[in-house]
Amino acid sequence: MTSHGRKLRTLPLALYAVMSLASSTAAWADAQPHPFVLTAYGSAPGGQDLLTGRYPAALQQLRASGHAPLDAAAVSANNCVALAMTRRWDAAQSACDAAVREARDARLSAAPWSAAGANSKDRAIAAAYSDRAVLRWMSGNARGARADLDEARVFAPQAGFVVRNVRALRAQALKKVTHGS
């Protein structure tokens, strides 16, 4: 969708990173035809560390960032991603819930006359739901993952991260059925 060095116009402060989630080996991840993706905000605290796979460093930056961020939803989203990638399920669930809530609140407070602003807010909500869906899948909650991806599709049905995660979830469900897991 974008390179790591560019900011998106429709989603300020955002960069998208593909992160293979089911294994710690790069060779296994490269072999997956439909990897899940998480959305990281490169300009928010911890963002650059997330994009380069330094999750503990990202968590440290997020803890040090204080509680007055310019974009609370982006900070919560980065926290969600970092905690998910370090498999801190309960804390990640709380952070992902906060990211969804803060993204929705930001949408409600957006200027009603700005279509571009509404579109970027919708994409931010979709990203938060999509990240929470990946967390839920990682922690064994396939039903919750499907529900969150359904919500993400309401807000940004054509967003690359939503489309990829829907494909990944379908592939995982098919794999489960065909392998009897």
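This write-up is about the structure you can find in this document.

**Overview of the side chain of Asp49**
Then comes step 1: Mapped onto the secondary structure, Asp49 falls in helix α2 (residues 47-51).
Then comes step 2: Accessibility expressed as a relative area gives 8% for Asp49, which makes it buried.
Then comes step 3: Among the polar contacts made by the side chain of Asp49, one reaches the side chain of Arg54 at a distance of 2.4 Å.
Then comes step 4: A polar contact of 3.3 Å, which involves the side chain of Asp49, links it to the side chain of Gln61.
Then comes step 5: If we skip the residues at most four places from it in the chain, Asp49 touches Arg54, Ala57, Ala58 and Gln61.

**Let's talk about unusual backbone geometry**
Then comes step 1: For Arg87, which is not glycine, the phi dihedral falls at a positive 60 degrees.
Then comes step 2: For Arg87, the location among the structural elements is in the loop between α4 (72-85) and α5 (89-108).

**Some points on the packing of α4 against α5**
When two helices pack together, their arrangement is given by the angle between their axes and by how far apart the axes lie.
Then comes step 1: Two numbers describe how α4 lies on α5: the axes approach to 8 Å, and their chain directions differ by 155 degrees. Classified by the angle between their axes, α4 and α5 sit roughly antiparallel to one another. Relative to α5, α4 is oriented so that their crossing is left-handed. On α5, the residues that touch Ala72, Ala73, Ser76, Ala77, Asn79, Cys80, Leu83 and Ala84 of α4 are Trp89, Ala91, Ala92, Ala95, Cys96, Ala98, Ala99, Glu102 and Ala103.

**What about the pattern of salt bridges?**
Then comes step 1: Per the stated rule, a full pass over the model turns up five salt bridges.
Then comes step 2: In this structure, Asp49 engages Arg54 in a salt bridge whose closest nitrogen and oxygen atoms are separated by 2.4 Å.
Then comes step 3: It is possible to trace a salt-bridge network through shared partners that takes in Asp97, Arg132, Arg136 and Asp148.

**Comments concerning α4**
Then comes step 1: Taking 1.5 Å as the rise per residue, α4 with 14 residues should run 20 Å; its terminal C-alpha atoms sit 20 Å apart, in good agreement.
Then comes step 2: Counting buried positions over the 14 residues of α4 gives twelve, a clear majority of the element.
Then comes step 3: All of the buried residues in α4 are Ala73, Ala74, Val75, Ser76, Ala77, Asn78, Cys80, Val81, Ala82, Leu83, Ala84 and Met85.
Then comes step 4: Backbone geometry just downstream of α4 places Arg87 in the positive-phi region, at approximately 60 degrees.

**Some thoughts on the packing of aromatic side chains**
To describe a pair of aromatic rings, one takes the distance between the centres and the angle between the planes.
Then comes step 1: Counting across every chain of the model gives two aromatic pairs.
Then comes step 2: Measuring from centroid to centroid gives 6.3 Å for Tyr129 and Phe155, while their planes differ by 10 degrees, and the two rings are stacked. In this pair, Tyr129 is assigned in helix α6 (residues 115-138) and Phe155 in helix α7 (residues 142-155), connecting sequence segments 26 residues apart.
Then comes step 3: Given the relative accessible area of 8%, Tyr129 is considered buried.

**Focus on the nonpolar core**
Soluble, globular proteins show a tendency: their nonpolar side chains are buried together.
Then comes step 1: Ranked by size, the top nonpolar core spans 50 residues in total, and within it Tyr41, Leu50, Ala126, Phe161 and Val162 carry the most contacts.
Then comes step 2: Breaking this core down by element, the ones donating at least two residues are β2 (38-40), α2, α3 (55-64), α4, α5, α6, α7 and α8 (160-179).
Then comes step 3: The residues touching Ala126, leaving out its near neighbours within four places in the chain, are Ala152, Phe155, Ala156, Phe161 and Val162.

**Considerations on the environment of Leu59**
Then comes step 1: By the element assignment, Leu59 lies in helix α3.
Then comes step 2: Taking C-alpha positions, Leu59 is 8.6 Å from Asn78, a pair spaced 19 residues apart along the chain.
Then comes step 3: Among residues more than four places away in sequence, those in contact with Leu59 are Asn79, Ala82, Leu83, Thr86 and Arg88.

Thresholds applied
- Residues numbered from 1 in each chain as written.
- Predicted model: local features only at pLDDT ≥ 70, side-chain atom pairs only at ≥ 80, totals over all residues.
- Heavy atoms only, no water.
- Helix = DSSP H or I, 4+ residues; strand = E, 2+ residues; numbered from the N terminus.
- Buried < 20%, exposed > 50% of the residue type's maximum accessible area, 1.4 Å probe, protein only.
- Polar contact = N/O pair within 3.5 Å; in protein donor to acceptor, adjacent residues only side chain to side chain.
- Contact = heavy atoms within 4.5 Å.
- Axes fitted to C-alpha atoms, helices over the stretch in contact; angles between N-to-C directions.
- Parallel < 35°, antiparallel > 145°, perpendicular 65-115°, else oblique.
- Left-handed = near helix turned anticlockwise from the far one by under 90°.
- Salt bridge = Lys/Arg side-chain N within 4 Å of Asp/Glu carboxyl O.
- Expected span 1.5 Å × (residues − 1).
- Phe/Tyr/Trp six-rings, centres within 6.5 Å; stacked < 30°, edge-to-face > 60°.
- Core = buried A, V, L, I, M, F, W, Y, C linked by side-chain atoms within 4.5 Å.

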